[in-house]
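Now for the letters of each chain:
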Amino acid sequence: MKKSLSFLLWIAVALVGTLAVGVVAVRRGEPINAMWLVVGAACCYALGYRFYSKFIAAKMLALDAVRATPAERLQNGRDYVVTNKWVVFGHHFAAIAGPGPLVGPVLAAQFGYLPGTLWVLAGAVFAGCVQDFVILLFSVRRDGKSLTEMAKTEIGRVGGFVAYAAVMSILVILLAVAALIVVNALKASPWGTFTIAMTIPIALLMGVYLRRIRPGEVLEVSVLGFILVMLAIWGGQWVSQHPAVAGIFTLTAPALALLIIGYGFAASAMPVWLLLAPRDYLSTFVKLGTIALLGVGIVALHPTLHMPALTRFVDGTGPVFAGKIFPFAFITIACGAISGFHSLISSGTTPKLIARETETRIVGYGAMIAESAVAVMAIIAACVMQPGVYFAINSPAGIVGQAPAAAAATISGWGFPVTAADMQALAHAVGEQTLYNRTGGAPAFAVGMANIFSNSLGGQALMALWYHFAIMFEALFILTVLDAGTRVARFMLQDALAHVYKPLGRTSWYPSILATSALVVAAWGYFLWQGVKDPLGGINSLWPLFGISNQLLATVALCVATTIIVKMHRTKYVLVTLAPLAWLVAITFTASWHKVFDPSPRIGFLAQARQLAAGPSTSETARLIFNNRLDAVVTGVLVVMVALVLLESTRHWLEILSGKKELPVSESPFVMTQLAQEGQR
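Residues numbered from 1 in each chain as written. Predicted model: local features only at pLDDT ≥ 70, side-chain atom pairs only at ≥ 80, totals over all residues. Heavy atoms only, no water.

## Observations regarding the confidence of the model for the chain
Note the cut-off: A residue's pLDDT is simply how confident the predictor is in it, with values from 0 to 100. Only DSSP runs of H or I reaching four residues or more are called helices, and only runs of E reaching two or more are called strands; each is numbered from the N terminus.
Confidence in the prediction for the chain averages 84 pLDDT; 92% of positions are at 70 or higher. At the low end of the mean pLDDT range in the chain sits helix H28 (residues 674-680), at 55; at the high end sits helix H6 (residues 113-140), at 96.

Encoded structure:
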C-alpha cells in the first residue's frame, strides 16, 4: 500500500512539474504568474533529488555507510572534525552560495525569464548538483584531498601540474572579485557593515558553545544563533539611524578592503570549528530564512512576471551585457546552474567534516539544489519589475545616457516604457538618491526583493527597510565565499609545498598555516586593492573574467570526475559526468573566443582596447587599455591550460577503454568506521 501511494505521489509531482515548466516554456503574448516558476522548480528539484541523486549514489558511486571517513580517521580538532550533517550542510551551502545565484540570473534576465529559468533548472539537476556530489564523495575517499591533488594522482603529473596552475589562478580571480563586490556593497553602509561585523563574534560564541560548553547540542546553538542574528539585523538598523554610532561603521572602500583582507587571513588560519563552520552555519540562517520569506512572499502575493519570456535582446545587442543567448546567458548565470568554485569547497573544507559517506548526497546534491532555488528567486525578483525599470537600473550610462530624461527616452524607445518621474519615485521609496545605472545586478535584485516583501509583509512604508536588508543579505552571501575559498586555497598551497618541504603540507602545523594563509590572502588582496583604486571600481576589469573562470574550473572538476569513473570501470555510467562536461567545453571555449577575438568593442577585450587606443589618450584610458589586454591574455592562458587538462584526461580514457593500460584508482584503504558500529549497538 505504501509503495502504491508513493508511486502515485511521484507520478503526480512529475505531472505537475511538467505542466508548470510547459507553461513557462510555451506561454507567449501575455504575462504569467511567478507561481508557475516556483512550482516547476520545486517539482524538478524533488524529482532530481529523489531519483537521479539516488541512482548516482547507489549505482555509480556505491556509497558505503560503514566506511570510515577522513573526519573520523584523521580527526585533529582543527581541520578534520566529525560534524553533525546539518551543520555540515549549513557550512557547505553558506560556502558555495556566493554572488553567482543572486547576480547572474538578474543580469541574464535581459534575455527574458525563459532562458535563465530553463538553464537554472536543467543545469542544476544534471550538472551542478552532480559535480558537487561526485567531487565531494571522491575527495572523502581520498582523505579530503583537494581537486588539484586528485588531478595529479588520477590524471598524472602533467595534467595535475596544469590543473593546479589553472585552479589557483582562477581561484585568486574569483576571490578578488567576491571581495570587491563586498567592498562595493558595504562602503558607506553602516547598517550592512554593522550586521555583518556582528556575525563574527556571534560565530565565535557558537563555536565555543558547541565545542566546549554544550557539545553536540545543535538545536540549542541554532536557536541562540538565530536570536543573535535577528538582534544584529535590528541593531544595524538602529546604528544607521544614529549619526554618532553610524560614523564608526561608515567606512571607505580602502578601509573595508583592509578589514576584509584581515578577516580572510583569520578565517583561513583559525580552527575550522571556531569561526568558519559556525559562521557559515550562522549565515545559513539569514540566507535560507530570507529565501524562505521570499518564497512565502511570492506565494502570498503571487506576483506577475512583467518581463517577457524572450526580449528583443536575444540578438546580442543587450544593454546590460552584449552577446547572444549562446554562450553568454550560460556564462552569466554560472553558479545558479553549475559552479566550478563549488568543486573547491567539495574537495576542501567539507570532506574533512563529513561523518559518513551517505551524508555526501544531502550535502553535495542537496545544497546545490538550495543554491539553484536562490537563482530561481533571483529571476523572479528581476522579472516582477516593469522591464523599463529593470533596464534603467542595470543599463550603463554609456548605453542609455547619463541624464535621467535621456535614459528614460532611450529605454522607452526600445519598447519598455519608463519615465524619469517613475524612477525618482522608486529611488525615494527605497531611500536612495538615484537608481539609474546601478549596474552589477545586486541593486536590481534588492529592488525586486523589496517590492515583493513590502507588498506582502509590511506594506510600502517598509520598502526602504527591505531594500537595505536585501543589500545586507547579498553582502553576507558573498562574504562566506571569501572565507571558505581562502581556506581551500590554503589547503591547495600546502599540498603543493609539501613536495618541497614535507612539514609545510601538514594542515595542523601552525607555521605552515600562517605562512600559506598569508600568501593566499596577499594574492587575492593585491587584485582587490587594485580594484578598489581603479577609477571605474575594478568590476569592469575583473567581472568579465569571473563567469568564464568559474565555468572553466567546473570543466577541470568534471575532467577529474570522469577520469575516476572510467578508472573505476563504471563506464556505463560515464555520461553522468561526461555529458555536462561536453556542454561546458562548448559554452566556455566559445565564450572565451568571443571575449578575446570578437570584433565588437562591446564584446571583445582586444577590440575594446583598439577602440580606446584610437581615441583621446588619458591616464584613465591607458589603464582601461591595459586591463582589457590583460583580460585577453589571462583568458587565453586559462583556456589553454584547461584544454591541456582535457586532452590529458581524454588520453587516459582512451588508453583504459582500449585496454592498453590498467590505471588503478588512488583511494584510501577501507577502514571500518567506529561510528557505524556504535550506532548499530
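Okay, back to it.
## Let's talk about unusual backbone geometry
As a reminder, the rule being used: Type-normalised accessible area, obtained with a 1.4 Å probe on protein chains alone, sets the label of each residue: buried when under 20%, exposed when over 50%, and partly exposed for intermediate values.
In this structure, Pro327 follows Phe326 across a cis peptide bond, with omega equal to 5°. For Ala62, which is not glycine, the phi torsion reads 50° and is therefore positive. Owing to a relative accessible area of 32%, Ala62 belongs among the partly exposed residues under this scheme. With a phi close to 30°, His302 is a non-glycine residue in the positive phi region. Structurally, His302 can be placed in the loop between helix H13 (276-301) and strand S2 (304-305).

## Concerning a nonpolar patch on the surface
The condition that has to hold: Like-charged residues within 9 Å of one another, or nonpolar side chains (Val, Leu, Ile, Met, Phe, Trp, Tyr) within 5 Å, are grouped into patches, provided each residue has over 30% relative accessible area and no salt bridge. Per-residue accessibility takes into account occlusion by the displayed protein chains alone, with areas from the Shrake-Rupley method and a 1.4 Å probe. By salt bridge we mean one thing: a side-chain nitrogen of Lys or Arg within 4 Å of a carboxyl oxygen of Asp or Glu.
A grouping of Leu5, Phe7, Leu8, Ile11 and Leu15 is seen on the molecular surface, where their side chains present a nonpolar patch of about 530 Å² in accessible area. By secondary structure assignment, the location of Phe7 is in helix H1 (residues 2-26). Relative accessible area serves as the criterion here: at 54%, Phe7 is assigned to the exposed category.

## Some thoughts on the packing of aromatic side chains
Selection criterion: Only the six-membered ring of Trp is used, alongside the rings of Phe and Tyr, when aromatic pairs are assigned; centres must lie within 6.5 Å, and planes under 30 degrees apart are stacked while those over 60 apart are edge-to-face, with the rest tilted.
Scanning the entire structure with this criterion turns up 21 aromatic pairs. Centroid distance Phe55 to Tyr573: 5.6 Å. Interplanar angle 75°. Geometry classified as edge-to-face. Remark: Tyr573 occurs in the loop between helix H24 (539-567) and helix H25 (575-597) and Phe55 occurs in helix H2 (residues 35-60); sequence separation between them is 518 residues. Take Phe55: its relative accessible area is 33%, and that puts it in the partly exposed class. By relative accessible area, which is 15% here, Tyr573 ends up buried. Centre to centre, the rings of Phe326 and Trp583 are 5.8 Å apart; their planes meet at 55°, and the pair counts as tilted.

## Side note on the side chain of Ser668
This is how it is decided: We define a polar contact as two N or O atoms separated by no more than 3.5 Å, with the added condition that, inside protein, one atom must be a possible hydrogen donor and the other a possible acceptor, whereas residues neighbouring each other in sequence contribute only through side-chain atom pairs. Should any heavy atoms of two residues lie within 4.5 Å, those residues are counted as being in contact.
Looking at the secondary structure, you find Ser668 in the loop between helix H27 (619-658) and H28. By relative accessible area, Ser668 is classed as buried at 13%. In terms of polar contacts, Ser668 uses its side chain to reach the side chain of Asp143, at 3.0 Å. Discounting residues that sit within four places of it in the chain, Ser668 has contacts with Arg67, Arg73, Arg141, Arg142 and Asp143.

## Here's the deal with the nonpolar core
The following threshold applies: Here, the term nonpolar core denotes a set of buried Ala, Val, Leu, Ile, Met, Phe, Trp, Tyr and Cys residues that are joined through side-chain atoms within 4.5 Å.
Phe138, Leu147 and Trp524 are the most contacted members of the largest nonpolar core, which has 196 residues in total. The element contributing the most residues to this core is helix H8 (residues 157-186), with 21 residues. Membership of the second largest hydrophobic core comes to seven residues, among which are Val88, Val140, Leu353 and Val363.

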